[in-house]
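Notes for the structure review
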Amino acid sequence: MKTKLNFRKTNLILLIFTISLMGCSSLKNTEQKSSELKYFEVIVEKTDNGIKMQSVKGSSWVDLAFSLNNYQPQAIDEYGMTELEKNSSDKDANLADFLFTISKTENGIVLKGIEGTAWTDLTFSLDENGRQAIDQLGMTKLN
């Protein structure tokens, strides 16, 4: 009887140890990914008929404004408006290398990070003419 209890206890300890190791490994990968990202900052504004964006840092564009129907995604990279299928071979070391889509909803904005972002999905409410700053790590304060 004692042998079975020791065997179960050993298996339980091994299981806990394995899960802990996997968690540490995942955390290290996330930290490593964040440190490899280049800094960019964009201010997003929801307008009557679309979206207005201002690049603070990390891209070649300064201002973008475009019309969008609700839930219609638009791809944005460090060079401006783009298409998801289009892969730019021109890489500038002075710019952040990022790609995300932006969509307008009734209540706010939906962003999907594809490249160069620590986030995969950002959703936030934004009133008309409301502004929100984002960077490679997510939502941030307006300066």
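Residues numbered from 1 in each chain as written. Predicted model: local features only at pLDDT ≥ 70, side-chain atom pairs only at ≥ 80, totals over all residues. Heavy atoms only, no water.

**Re the sheet that holds strand β9 (residues 131-135)**
The 5 strands are arranged β3-β2-β1-β9-β10 in an open sheet whose pairing can be described as antiparallel. Where the open sheet ends on each side, the last strands, each with one partner, are β3 (63-67) and β10 (138-140). Direction aside, neighbouring strands of the sheet carry axes that sit 30° apart on average. Direction of pairing for β9 relative to β10: antiparallel, over a ladder of 3 bridges. Bridged to I134 within β10 is M139. (Pairing = 2+ DSSP bridges. Helix = DSSP H or I, 4+ residues; strand = E, 2+ residues; numbered from the N terminus. Axes fitted to C-alpha atoms, helices over the stretch in contact; angles between N-to-C directions.)

**Some details on the confidence of the model for the chain**
When pLDDT is averaged along the chain, the result is 83, and 73% of the positions lie at 70 or above. Under a pLDDT of 50 for its full length, residues 24-32 has, in the predicted model, 0 contacts with residues more than four places off or in other chains. (pLDDT = per-residue confidence, 0-100. Contact = heavy atoms within 4.5 Å.)

**Looking at the pairing of strand β7 (residues 108-115)**
Judged from the 6 bridges that link them, strand β6 (residues 99-104) and β7 form a sheet pairing that is antiparallel. Bridged to F100 within β7 is G113. Between β6 and β7, which pair antiparallel in sequence order, lie 3 residues. Two elements, β7 and strand β8 (residues 121-125), share 5 bridges in a ladder whose sense is antiparallel. The partner of V110 across the bridge, within β8, is T123. From the end of β7 to the start of β8, which pair antiparallel, there are 5 residues, and G116 there has a positive phi angle of about 75°.

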